[in-house]
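# Descriptive structure summary
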Amino acid sequence: MALVVNLKSLNLSEMMENKNLIDTIDKTKLPKHIAIIMDGNGRWAQQRGEQRVFGHNNGVQSVRETAEAAAELGIKFITLYAFSTENWNRPQDEVDALMQLLVVTINSEIKTLNDNNIRLRAIGNLKGLSPQVRAELEEAMGETAENTRMDLFLALNYSGRWEITDAMKKIAEQVKSGNLTLDQINEKLISESMNAPDLPDPELLIRTSGEYRTSNFLMWQTAYTELFFSPKLWPDFRKEDLYEAIIDFQHRERRFGKTSEQIINCKG
Ligand code: IPE
Ligand code: IPE
Ligand code: MG
């Protein structure tokens with residue numbers, strides 16, 4: 001009984017803490033797009049004496065919580081790095097388990113996505129995914145296509161260099177066919193030639209698990225993104241961790257090459 005009471009009060013105090021944290025977020029200065037490198041699943045499992053896939057399975061709850069928290073706050077886009085092109089180099093059984101998890105999770109989350117008015121989308125070389133994964137993805141994207149509160153992008157078989165290469169090919173085709181001149185190639189056109197032309201550059205990129213690199217994620221789009229590195233392993237990542245990253249982001253001065261004085265004067 002005492003244990004039950006303790007657990008209850010723990011949950012309550014956690015909820016209070018969350019409430020306080022969320023209250024310190026400036027709702028008028030939210031990032032439009034948050035990108036997340038969900039890292040540390042394997043270590044999380046290994047710390048528990050389990051197989052790596054146990055960590056991937058437990059990472060799903062973090063995805064749910066993060067998506068829900070972002071939507072509740074009014075974030076318009078989140079992009080989750082779910083499987084990189086480089087991840088094909090992992091042991092085959094882990095790759096298979098990850099693909100199976102994708103199929104099962106995408107299918108089981110359609111209802112929740114719809115209940116929360118979230119639209120599922122994807123970036124990456126989707127043609128390189130198995131027909132089963134693609135079919136499941138297409139179905140979920142179709143069934144959530146009308147949702148308007150937030151776009152949840154999954155980066156699947158994704159690599160930033162691949163995406164830039166792909167964009168270059170699209171542009172080269174247009175030049176070759178005479179529909180585009182060299183003078184018309186500019187940064188705006190390159191941005192619009194990326195996988196999701198309407199996806200704004202992320203203002204904030206979060207990476208979990210204490211690794212300090214971006215691992216070929218959104219290379220073009222993160223040119224001026226604020227980076228937040230969390231020591232938490234992805235399966236431990238919860239709503240308050242997202243709040244913490246956003247609060248940290250809101251305390252930064254985004255100078256875009258200008259001086260601090262210029263930024264302050266502009267505000268004043
Ligand atoms: C991230 O966790 C998930 C994917 C890359 C699919 P990891 O599997 O990379 O976990 P660690 O980094 O080995 O702990
Ligand atoms: C990056 O994580 C890819 C995803 C989160 C899907 P990794 O764990 O694969 O990255 P590296 O290889 O350690 O940089
Ligand atoms: Mg990793």
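This text follows the structure it describes.
First, a word on scope: everything that follows refers to the structure included in this document. The shown structure was predicted, so the numbers you read here are calculated from the model rather than taken from an experiment. (Residues numbered from 1 in each chain as written. Chains lettered and ligands numbered in written order. Predicted model: local features only at pLDDT ≥ 70, side-chain atom pairs only at ≥ 80, totals over all residues. Heavy atoms only, no water.)

### A word on the nonpolar core
Spelled out, the test is: Note on terminology: a nonpolar core comprises buried Ala, Val, Leu, Ile, Met, Phe, Trp, Tyr and Cys residues joined through side-chain atoms within 4.5 Å. Relative accessible area decides the class of each residue, using a 1.4 Å probe on protein chains only: under 20% of the type maximum gives buried, over 50% gives exposed, and in between gives partly exposed. Put simply, DSSP marks the helices as runs of H or I at least four residues long and the strands as runs of E at least two long, and each gets a number from the N terminus on. Throughout, a residue-residue contact means that at least one pair of heavy atoms, one from each residue, lies within 4.5 Å.
In terms of nonpolar packing, the biggest core is built from 45 residues, with Ile34, Ile78, Leu120, Ile206, Leu242 and Ile246 touching the most fellow members. For this core, the element with the most residues is helix 4 (residues 92–115), which contributes 8 residues. Contacts of leucine 242, omitting those with residues within four sequence positions, involve Ile34, Ile36, Thr66, Ala69, Ala70, Ile206 and Phe237. Ile37, Phe77, Tyr81 and Tyr158 belong to the second-largest nonpolar core, a separate cluster that totals 13 residues.

### Some details on the site of ligand 1
Rules: Here a residue is near a molecule or strand as soon as one of its heavy atoms is found within 4 Å of it. Distance and chemistry together define a polar contact, namely a pair of N or O atoms within 3.5 Å, with one atom able to donate a hydrogen and the other to accept it when in protein, and with adjacent residues in sequence counting only for side-chain atoms on both sides. Computed with the Shrake-Rupley method and a 1.4 Å probe, the accessible areas treat only the protein chains shown as cover for residues.
Within the structure, ligand 1 sits among Met38, Asp39, Gly40, Asn41, Gly42, Arg43, Arg52, His56, Ala82, Asn87, Arg90 and Leu98. Backbone polar atom of glycine 40 to an oxygen atom of ligand 1: 3.3 Å apart, as the coordinates give it. With respect to ligand 1, the side chain of arginine 43 contributes an N or O atom lying 2.8 Å from an oxygen atom. For ligand 1, whose accessible area on its own is 380 Å², the fraction buried by protein is 87%. Residue assignment for the shell around ligand 1 shows that the elements contributing at least two residues are helix 2 (41–47) and helix 3 (52–73).

### Re the pairing of strand 3 (residues 118–123)
Note the cut-off: Any two strands with at least two DSSP-identified bridges between them are counted as paired.
Counting buried positions over the 6 residues of strand 3 gives 5, a clear majority of the element. Relative to strand 4 (residues 150–158), strand 3 runs parallel, the two sharing 6 bridges. If you follow alanine 122 over to strand 4, its bridge partner there is leucine 154.

### Overview of the site of ligand 2
Note the threshold: Gly falls in the polar group here, along with every residue not listed as nonpolar (Ala, Val, Leu, Ile, Met, Phe, Trp, Tyr, Cys, Pro) or charged (Asp, Glu, Lys, Arg).
Taken together, Ile37, Met38, Asp39, Tyr81, Ala82, Phe83, Ser84, Asn87, Arg90, Arg207, Arg213 and Ser215 make up all the residues around ligand 2. For ligand 2, an oxygen atom lies 3.3 Å from a polar atom in the side chain of arginine 207. A total of 4 residues in the shell around ligand 2 trace back to one element, the largest contributor, which is strand 2 (residues 77–84). In the shell around ligand 2, the residues fall into 5 nonpolar, 3 polar and 4 charged.

### Comments concerning the pattern of salt bridges
Quick note on the threshold: A pairing counts as a salt bridge when a side-chain nitrogen of Lys or Arg comes within 4 Å of a carboxyl oxygen of Asp or Glu.
The tally for this structure, following the rule as stated, stands at 22 salt bridges. Residue glutamate 109 is joined to arginine 64 by a salt bridge in which the shortest nitrogen-to-oxygen separation is 3.0 Å. With a gap of 45 residues between them, glutamate 109 in helix 4 and arginine 64 in helix 3 connect regions that are remote in the sequence. The class of glutamate 109 is buried, set by a relative accessible area of 13%. Here arginine 252 and glutamate 226 are joined by a salt bridge, their closest N and O atoms 3.2 Å apart. Taken together, the residues span a long stretch of sequence, with arginine 252 in the loop between helix 8 (239–250) and helix 9 (260–267) and glutamate 226 in strand 6 (residues 226–229) at a distance of 26 residues. Given the relative accessible area of 15%, glutamate 226 is considered buried.

### Quick notes on the packing of helix 3 against helix 8
Cut-off, in case you're wondering: Angles here are taken between N-to-C directions and fall from 0 to 180 degrees, while the axes themselves are lines fitted to C-alpha atoms, restricted in helices to the stretch in contact. Roughly parallel means an angle under 35 degrees; roughly antiparallel, over 145; roughly perpendicular, 65 to 115; everything else is oblique. Left-handed describes a crossing in which the near helix is turned anticlockwise from the far one by less than a right angle; the clockwise case is right-handed.
Put simply, helix 3 and helix 8 touch, their axes get as near as 8 Å, and they point 50° apart. In this view, helix 3 runs oblique relative to helix 8, as classed from their interaxial angle. When you trace helix 3 past helix 8, the crossing you get is right-handed. Of the residues in helix 8, those in contact with Glu65, Thr66, Glu68, Ala69, Ala70, Glu72 and Leu73 of helix 3 are Lys239, Leu242, Tyr243 and Ile246. Across the contact of helix 3 with helix 8, the residue classes break down as 6 nonpolar, 1 polar and 4 charged.

The values are spatial; any link to function lies outside them.
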